[in-house]
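Below, each chain spelled out in residue letters.
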Amino acid sequence: MNRRDFLKAAAGGAAVACSGGAQARDNLEPAPEAVGMLFDSTLCVGCKACVSMCKEVNGMPPTLIEGKEAWDWATDLSPQTLNVIKLYKDGEGNVKDQVKDGFAFEKRSCMHCVDPGCVSVCPVTALRRHPVTGIVTFHVDACIGCRTCTTGCPYNVPHFDYDDPFGQIYKCEMCNQEGVSRIDNGQITGCAEACPTGATLFGSRVALLEEAKRRMALKPGDTYNYPMGDVRKPGSYHEKATPVYEKHIWGEKEAGGTNVMHISAVPFDKLGMPPLPERSYASISEGVQHTLYSFMALPAVALIGLSYVVRKNLDASEGETDVSDDEGKEEEKS
Amino acid sequence: MSGPDFSYLEKRLGVSRRTFLKFCTGVAATMGLPTSAAYAMAEAVATKRKKPVVIWLHGQECTGPSESLLRSEHPTLDRLILEMISLEYHQTLDAGAGHDVEHHKDVMIEQNKGEYLLVVEGSVPVAQDGIFCKIGNKTMLEHTTAAAEHAAAIIAFGSCASWGGVQSAAPNPTQAVGAQAVLPGKTVVNIPGCPPNPYNFLATVMHFLTFGSLPALDTQNRPKFAYGRLIHENCERRPHFDAGRFAETFGDEGHRLGWCLYKLGCKGPETYANCPAVEFNDIGGGTWPIGVGHPCFGCVEQGVGFTKPLFSLAEVKTHTPPNAFPTIDQREESPTATAATAGVIGAAVGAAVGATAMAARKVHENDNASGSNQ
Amino acid sequence: MSHYQPVERKVVTVPFMVLGLIAMVGLYFLVQRFILGMGPVTNLNGGYAWGIWVVYDIVVGTALACGGYALAITVYVLNKGKYHPLIRAAVTASLLGYALGGVGAFIDMGRWFQFYNILLPWNMNFNSVMLEVGLCVMTYILVLFIEFMPTVFERFGMKDWAQRLNKVLFLFIALGILLPTMHQSSLGSMLIAMGYKVHPLWQSLHLQPLLALLTALTMGFAIVIFEASFSTVGFGRNSETKLLSGLGKGIIGLVSAYLIFRFGEILLRGKFGLIFAGDLGSLMFIIETAMFIFPLAVLLSPKMREDGRMLLYAGVSLLFAGALYRFNAYLITMDPGPGYSYFPSFPELMVTVGLVAIEIMAYLVIVKKFPVLPKHAHA
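A quick note: this is a predicted structure, and the numbers were derived from the prediction, not measured.

What counts and how
Residue positions within a chain follow its written sequence, with the count starting from 1. Lettering for chains starts from A, numbering for ligands starts from 1, and both go in the order in which the items are written. With pLDDT at 70 or above as the cut-off, local features in this predicted model cover only qualifying residues; side-chain atom pairs require 80 or more to be listed or tallied, and sums for whole chains, interfaces and linings still use all residues. Water and hydrogen atoms were dropped before computing side-chain values, which therefore reflect all heavy atoms in the structure. Strands are runs of DSSP state E lasting at least two residues, helices are runs of H or I lasting at least four, and both sets are numbered from the N terminus onward. To get the radius of gyration, use the C-alpha atoms; to get the globule rule, take the number of residues to the power 0.38 and multiply by 2.2 Å. Burial classes follow relative accessibility: with a 1.4 Å probe on protein chains only, a residue under 20% of its type's maximum area counts as buried, one over 50% as exposed, and anything between as partly exposed. The contact criterion used is simple: two residues touch if any of their non-hydrogen atoms lie within 4.5 Å. The accessible surface values rely on the Shrake-Rupley method and a 1.4 Å probe; as for residues, cover is taken only from the protein chains in view. Here the positive residues are Lys and Arg and the negative ones are Asp and Glu; neither His nor the chain ends is included. For this purpose, a charge sits on NZ of Lys, CZ of Arg, CG of Asp or CD of Glu. What makes a salt bridge here is a side-chain nitrogen of Lys or Arg within 4 Å of a carboxyl oxygen of Asp or Glu, nothing more. Disulfide: a pair of cysteine sulfur atoms within 2.5 Å of each other. Among buried residues, those of type Ala, Val, Leu, Ile, Met, Phe, Trp, Tyr and Cys that are joined through side-chain atoms within 4.5 Å constitute a nonpolar core. Criterion used throughout: strands pair if DSSP finds at least two bridges between them. What counts as a ring pair is set by centres within 6.5 Å for rings of Phe, Tyr and Trp (its six-membered ring), and what kind of pair is set by the plane angle: stacked under 30 degrees, edge-to-face over 60, tilted for all other angles. Counted as over-ring charges are cases with an Arg CZ or a Lys NZ within 6 Å of the ring centre that also lie within 35 degrees of the ring normal. Nonpolar side chains (Val, Leu, Ile, Met, Phe, Trp, Tyr) are joined into patches within 5 Å and like charges within 9 Å, using only residues with over 30% relative accessible area and no salt bridge. Using a 1.4 Å probe, buried area is obtained as the accessible area two parts lose upon being combined, added over both of them. In protein, a polar contact means a hydrogen-donor-capable atom and an acceptor-capable atom, both N or O and within 3.5 Å, with residues adjacent in sequence counting only if both atoms are side-chain atoms; elsewhere, any N or O pair within 3.5 Å suffices. Residues are grouped as follows: Ala, Val, Leu, Ile, Met, Phe, Trp, Tyr, Cys and Pro are nonpolar; Asp, Glu, Lys and Arg are charged; all remaining types, including Gly, are polar. The angle between two axes is taken between their N-to-C directions and runs from 0 to 180 degrees, where each axis is a line fitted to C-alpha atoms and a helix contributes only its stretch in contact.

*Asks:* Just give me the short version of the overall build of chain C, but keep the residues and values in it.
*Replies:* Helix and strand content of chain C: twelve helices and two strands. Of the regular secondary structure in chain C, the N- to C-terminal order runs β-α-α-α-α-α-α-α-α-α-α-α-α-β. Its C-alpha atoms give chain C a radius of gyration of 21 Å, near enough to 21 Å, the size a compact globule of 379 residues would have. Relative to its 379 residues, chain C shows a buried fraction of 67%. Of the contacts made within chain C by residues no fewer than 6 positions apart, 81% connect residues no fewer than 24 positions apart. When the accessible surface of chain C is split by element, carbon and sulfur atoms take 74% of a total near 13,200 Å². Within chain C, one finds 25 positive and 17 negative side-chain charges whose respective centroids are separated by 8 Å.

*Asks:* Let's hear about the overall build of chain A: which residues, and what values?
*Replies:* Across its full length, chain A carries eight helices and twelve strands. Split into buried and exposed, the 334 residues of chain A put 58% on the buried side. Across chain A, contacts joining residues at least 24 apart in sequence account for 58% of those joining residues at least 6 apart. Summing over all exposed atoms, chain A offers an accessible surface of approximately 13,900 Å²; the carbon and sulfur share of this is 54%.

*Asks:* Help me get a handle on the pattern of salt bridges, residues and values and all.
*Replies:* Residue and element names in this part refer to chain A. Evaluation of the coordinates by the stated rule reveals 28 salt bridges over all chains. The residue Lys233 makes a salt bridge to Asp230 at a minimum N-O spacing of 3.4 Å. Connected via shared salt-bridge partners are Asp40, Glu210, Glu211, Arg214 and Arg215.

*Asks:* Describe the state of the cysteines, listing the residues and the values that go with them.
*Replies:* Scanning the entire structure with this criterion turns up zero disulfides over all chains. Cys149(A) supplies the cysteine sulfur nearest to Cys143(A), a cysteine that is in no disulfide, at a spacing of 6.5 Å. We note that Cys160(B) lacks a disulfide partner, and the nearest cysteine sulfur, in Cys194(B), lies 5.9 Å from it. For Cys160(B), a relative accessible area of 13% translates into the label buried.

*Asks:* Got a sec to walk through the nonpolar core? Specific residues and values, please.
*Replies:* Ranked by size, the top nonpolar core spans 230 residues in total, and within it Tyr155(A), Leu86(C) and Ile177(C) carry the most contacts. Broken down by element, this core gets its largest block of residues, 14 residues, from helix H5 (residues 129-155) of chain C. For Leu86(C), the contacting residues outside a window of four places in its chain are Leu71(C), Val224(C), Ala228(C), Glu240(C), Leu243(C), Leu244(C) and Leu247(C). In terms of nonpolar packing, the next biggest core, distinct from the first, is built from 48 residues, Ala203(B), Ile231(B), Cys296(B) and Cys299(B) among them.

*Asks:* Could you give an account of the pairing of strand S1 (residues 53-58) of chain B, naming the residues involved and the relevant values?
*Replies:* All names here are of chain B. With respect to burial, S1 is a largely interior element, six of its six residues being buried. Of the two faces of S1, the one lined by Val53, Ile55 and Leu57 and the one lined by Val54, Trp56 and His58 are each fully buried. The sheet contact formed by S1 and strand S2 (residues 86-90) spans four bridges and is parallel. In the strand pairing of S2, Trp56 is matched with His90. Bridge count for S1 against strand S3 (residues 117-121) is five bridges, and the pairing is parallel. The residue bridging His58 from the neighbouring strand is Glu121, located in S3.

*Asks:* Summarise the packing of aromatic side chains; cite the residues concerned and give the values.
*Replies:* The description of an aromatic ring pair rests on the distance of the ring centres and on the angle between the ring planes. Under the criterion given, the structure shown has 38 aromatic pairs over all chains. Ring geometry for Phe103(A) versus Phe105(A): centroids 5.7 Å apart, planes at 75 degrees, classification edge-to-face. By relative accessible area, which is 1% here, Phe103(A) ends up buried. Each residue in the set Phe166(A), Phe34(C), Phe106(C), Trp112(C), Phe113(C), Phe115(C) and Tyr116(C) is aromatic and connected to the rest through ring pairs, giving one cluster. Positioned above the aromatic ring of Phe34(C) is the side chain of Arg33(C), whose terminal nitrogen or guanidinium carbon lies 4.4 Å from the ring centre.

*Asks:* Give me the lowdown on the environment of Gly102(C), citing residues and values where you can.
*Replies:* Residue and element names in this part refer to chain C. Its location among the elements puts Gly102 in helix H4 (residues 87-108). The exposure class of Gly102 is partly exposed, given its relative accessible area of 25%. Residues Gly102 and Val137, spaced 35 residues apart in sequence, show a C-alpha to C-alpha distance of 7.5 Å.

*Asks:* Any details on a nonpolar patch on the surface? Residues and values, ideally.
*Replies:* All names here are of chain C. There is a patch of nonpolar side chains on the surface, built from Phe115, Tyr116, Leu119 and Met138 and spanning about 360 Å² of accessible area. Inspection of the secondary structure assignment puts Met138 in helix H5. Overall, Met138 belongs to the partly exposed group, its relative accessible area being 35%.

*Asks:* Could you give an account of the interface of chain B and chain C, naming the residues involved and the relevant values?
*Replies:* Many authors give the size of an interface as the accessible area that is lost as the parts come together. Facing the 27 residues of chain B at the interface are 33 residues of chain C. Roughly 2,300 Å² of surface becomes buried between chain B and chain C when both sides are summed, with 70% attributable to carbon and sulfur atoms. The interface formed by chain B and chain C includes zero salt bridges. Run the count over chain B and chain C and you get three residue pairs in polar contact (both at pLDDT 80 or more). For the side of chain B that touches chain C, the per-class residue count stands at 15 nonpolar, seven polar and five charged.

*Asks:* Can you lay out the interface of chain C and chain A for me, pointing to particular residues and giving the numbers?
*Replies:* Across the contact, 79 residues belong to chain C and 77 residues belong to chain A. Buried area between chain C and chain A, summed over both chains or domains, comes out near 6,800 Å², and the portion from carbon and sulfur atoms is 61%. Counting the surface chain C buries against chain A, the share from its top three residues, Arg111(C), Tyr196(C) and His206(C), is 10%. Here chain C and chain A share one salt bridge between them. There are 35 residue pairs in polar contact (both at pLDDT 80 or more) connecting chain C and chain A. Secondary-structure elements contributing two or more residues to the side of chain C that touches chain A are helix H1 (14-36), helix H3 (67-77), H4, H5, helix H6 (159-189) and helix H7 (208-234) of chain C. Broken down by element, the residue count for the side of chain C that touches chain A peaks at 13 residues, all from H6(C).

*Asks:* Explain the sheet that holds strand S12 (residues 260-263) of chain A to me, and be specific about the residues and the numbers.
*Replies:* All names here are of chain A. Ordered in space as S9-S1-S12, the three strands form an open sheet in which the pairing is mixed. The strands lining the two open edges of the sheet, one partner per strand, are strand S9 (200-204) and S12. For this sheet the average axis-to-axis angle between neighbouring strands, irrespective of direction, equals 25 degrees. Two elements, strand S1 (residues 35-40) and S9, share five bridges in a ladder whose sense is antiparallel. Considered in S9, the bridge of Val35 is made with Ser204.

*Asks:* Outline helix H2 (residues 49-58) of chain A, supporting the account with residue identities and numerical values.
*Replies:* Residues and elements named next belong to chain A. Here H2 lies mainly inside the structure; eight of its ten residues are buried. Buried within H2 we find Ala49, Cys50, Val51, Met53, Cys54, Lys55, Val57 and Asn58. Looking at the packing, one finds that the buried side of H2 touches strand S2 (83-89) and helix H5 (190-194).

Written as structure tokens, this is what we have:
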């Protein structure tokens with residue numbers, strides 16, 4: 001094999017690698033009975049009942065300031081906080097749901113992606129998408145702690161507990177992890193149950209999407225009866241004038257969609273949502289990976305070819321001893 | 001400082017100097033004024049011999065504000081107020097009745113033009129020229145306009161007088177409105193509440209008497225000292241709200257434990273009043289609606305009290321304290337470079353570059369040497 | 001009748017002891033990491049899950065250890081036997097570099113006590129680029145070890161073992177070319193799933209594996225130049241400039257191909273304006289690109305290519321360029337969202353520096369005790 005052939009082969013390999021189209025998969029579809037939540041930022045009053053309930057249900061300690069237990073001081077998702085309410089504030093920040101000089105609340109928790117990046121990148125399947133409910137679950141027994149899930153999550157949700165020498169990943173599992181199993185027992189998530197205004201609404205992804213679209217279609221100012229708790233069988237309603245919604249349901253399409261969807265009166269980039277295309281990064285990554293490593297065919301062919309070439313060249317150099325010989329055998333002398 | 005002559009006051013009111021100063025200090029504190037202001041008030045009350053004339057009108061109402069004021073404090077308070085000011089006209093308190101008192105009112109207004117204080121209690125119906133409320137064959141509308149004409153200051157006491165109160169709730173057949181609505185161009189100090197807190201009224205009057213001016217007012221002409229902050233901001237149950245602990249129904253565990261009443265329809269988060277700070281009836285111990293377990297219904301707030309359903313959720317008007325929420329870009333930790341770390345990196349890169357430069361020089365020398373060898 | 005011999009010098013020298021001291025500091029913090037956890041030692045956080053341990057020790061470190069890979073392609077695939085004298089040193093450096101990567105991966109692994117999970121078939125996620133990297137790097141370390149064995153056999157005079165190995169060595173050499181091709185490209189693919197977090201100038205999606213591979217190869221050739229030059233200087237050996245300048249010609253093709261793909265992608269996806277955005281991303285891109293173009297300019301000139309000094313400058317520039325390409329993509333311009341930041345802590349940094357010190361010490365010991373460097377007429 002001369003250099004030309006090698007370069008040709010390399011270029012061929014590169015072409016396969018670049019095309020990506022042949023083996024690329026589309027975004028995953030939502031799980032058949034996907035459950036999720038709808039967070040309506042305009043309904044959120046910032047009471048943090050969901051944060052409190054989440055800690056109670058998941059048995060997590062409050063985040064302390066300077067070690068003093070006066071208040072749960074969670075500022076962001078962390079190994080002790082699977083759900084947190086954050087504040088968008090501009091200027092004076094005294095008008096709710098207003099971009100300029102206003103403020104708005106935003107819930108941060110696992111979005112339970114339809115095509116989860118964390119599941120796609122985890123080398124040891126410690127993160128799995130439940131085949132029926134679509135809940136993204138974590139399995140500590142498999143985890144090696146490489147934190148690729150954190151890098152592969154568009155929302156930076158999985159958090160590793162660095163302060164524990166035997167730490168693990170923490171993320172919201174929709175209150176359905178072993179020992180809690182609220183969904184399996186017919187209950188709803190803690191945060192949706194605690195929410196006093198229905199800002200966090202539990203339900204099937206389909207029903208929630210319908211509800212979100214219904215709200216989008218409302219005329220601002222009209223009163224609407226906002227369901228609270230479970231969208232399928234609301235415990236009560238919250239009557240309120242419709243705000244001026246952004247016509248954008250976060251999670252309907254972003255990176256393949258999410259089971260936890262957000263709607264708001266403030267653009268989502270202000271609320272810290274990432275710039276995501278509709279195509280999931282997981283699908284692109286897997287497409288490239290499966291193009292190159294489908295049944296290990298390409299590597300196997302390459303190995304056979306390389307073995308042949310190497311052996312031929314070794315023989316030609318009469319290599320009797322080790323990886324030997326500096327007697328150049330061809331072309332220009334040294 | 002010799003101070004005012006309290007002996008006259010002690011005789012007139014039958015209170016000790018000490019009790020009187022205590023009262024004035026309390027009033028000053030209600031407004032957030034320093035002790036020196038309390039002393040000024042005491043001086044104003046004790047020395048001013050010419051008592052200001054007060055005309056007190058009643059429109060559509062239940063006399064709640066007067067009741068509240070009357071039984072507000074220690075037994076000496078009402079006496080103090082009645083002695084301190086010259087209450088020339090008050091339909092429920094006047095001993096006389098009929099044309100006599102009406103005539104007296106007119107005379108007093110005439111004699112004290114520009115000096116008397118007008119207090120309005122109750123709403124003013126304006127439908128059909130105000131025929132729904134008549135006193136002495138004159139409508140409330142006429143009474144109010146006439147009395148306001150030459151008043152030094154006008155105080156609307158109670159929600160009815162401030163913005164219409166319960167009468168103004170839909171469908172409002174009498175078209176009841178507050179005093180301000182029928183007195184365009186006049187400054188009406190609104191002290192809403194159902195009933196209003198007597199101290200807010202007393203403090204305003206004291207301020208007027210002492211300083212000759214009205215206290216700072218908000219956009220709805222309510223004294224800022226009393227209506228500047230949300231009930232939600234000073235509520236003793238606020239920590240439960242922030243921690244997400246709510247009473248779900250009356251009498252449940254959360255309710256009994258004193259948790260937040262927001263889910264029961266408490267309007268504290270959209271009602272501006274100092275109820276949690278001043279409370280009612282001077283018996284302490286959290287004696288005010290939320291303190292005793294009933295959700296605030298927003299009596300002082302136009303568009304809330306008598307308007308919003310009792311058990312509907314309130315709009316939360318504020319997010320204070322402002323540092324209780326992490327902002328969108330706030331993270332658990334955000335490490336930055338330190339001198340040590342930057343130094344190590346600089347040293348590592350510097351070592352690589354330096355070694356390369358040195359090696360390069362030697363390679364060059366070597367090359368030259370071997371070149372000359374050949 | 002070997003063509004290689006140990007460098008006949010003392011092992012324990014002043015630089016060696018200084019390196020030892022640095023290594024001790026690193027090991028001290030490493031012990032802390034295992035007792036207290038990663039939190040007190042590193043600055044890792046919820047946004048930056050990978051710090052310098054992953055990005056330097058694994059991503060950059062293994063690319064710097066591509067000398068063996070690059071030379072293996074040259075010698076055994078392109079059949080340029082004249083480069084053979086360089087191969088043992090390159091394989092040694094590669095073995096040490098990859099060992100560093102392996103150690104780096106292990107200490108960075110939050111649940112290291114469960115590392116075996118990656119070897120259990122029922123746990124494997126074949127969609128994961130990380131799985132490919134993990135398994136492939138592990139295998140390659142093994143392969144490099146086997147490729148290093150002839151040196152050991154020669155040192156201890158184990159002739160029959162050497163002969164036995166020689167029969168199957170071609171297979172390991174072939175694997176030693178295939179495996180780095182796989183995981184070096186995968187270290188690029190790993191960026192795809194990070195999506196928007198990777199700065200658009202570095203997020204080339206489908207091109208990630210190709211760009212990572214091309215830069216790994218340039219770094220592989222450059223490290224050979226670097227090592228040979230330093231051996232020449234450090235051990236007072238003959239200059240290998242003539243041999244090295246030949247490698248320079250290979251680098252020209254690789255860097256050109258890299259630049260064409262890199263800029264082609266940026267132009268086609270309409271990201272050209274970002275180069276001049278005047279922010280951190282554009283600054284780093286310009287520095288990085290300059291470091292790729294400088295060696296290209298040097299190597300394209302036959303006169304400079306023959307100059308050992310310029311050749312070394314070009315090589316080092318390429319090493320910095322390739323390392324910077326990785327640092328930029330993974331750390332410096334990587335933005336997981338508003339509010340996140342990362343800069344390695346002192347202990348974290350010292351662990352990496354300490355491990356590199358150990359790596360250099362090991363290299364020095366090996367070349368002085370094993371026949372790694374080519375024999376020369378005079379020492």
